[in-house]
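Each chain, letter by letter, is given below.
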Amino acid sequence: MTEKRIKAIFYRNEAGTEPVREWLKALNKEDRYLIGTDIKTVEFGWPSDNSLVKRFAL
């Protein structure tokens, strides 16, 4: 397997929970898959043409 070029790290609040990860887990299977695919693209495909990253940064 290809090594991750960037590791996705989820924000952790003072209580130790990860709100973004919890939100992702609450999504339906199709939406989790789509977002997970985008995260994987950034982790393994960086540097890319940046179109995916720019879309999230706006």
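This text follows the structure it describes.
Given the structure is predicted, the values throughout are model-derived calculations rather than measurements.

Next up on the list: the pattern of salt bridges. Applying the stated criterion across every chain yields a total of three salt bridges. For the salt bridge of Glu43 with Lys4, the shortest nitrogen-to-oxygen distance reads 3.3 Å. Placement of the pair is Glu43 in helix 2 (residues 29–45) and Lys4 in the segment before helix 1 (19–26), with a sequence separation of 39 residues. Residue Lys4 is classed as partly exposed on the basis of its relative accessible area, which comes to 41%. In this structure, Glu18 engages Arg12 in a salt bridge whose closest nitrogen and oxygen atoms are separated by 3.1 Å. Note on Glu18: relative accessible area 16%, which makes it buried. One network of salt bridges, with partners in common, ties together Arg12, Glu18 and Arg21.

Parameters at a glance
Residues numbered from 1 in each chain as written. Predicted model: local features only at pLDDT ≥ 70, side-chain atom pairs only at ≥ 80, totals over all residues. Heavy atoms only, no water. Salt bridge = Lys/Arg side-chain N within 4 Å of Asp/Glu carboxyl O. Helix = DSSP H or I, 4+ residues; strand = E, 2+ residues; numbered from the N terminus. Buried < 20%, exposed > 50% of the residue type's maximum accessible area, 1.4 Å probe, protein only.

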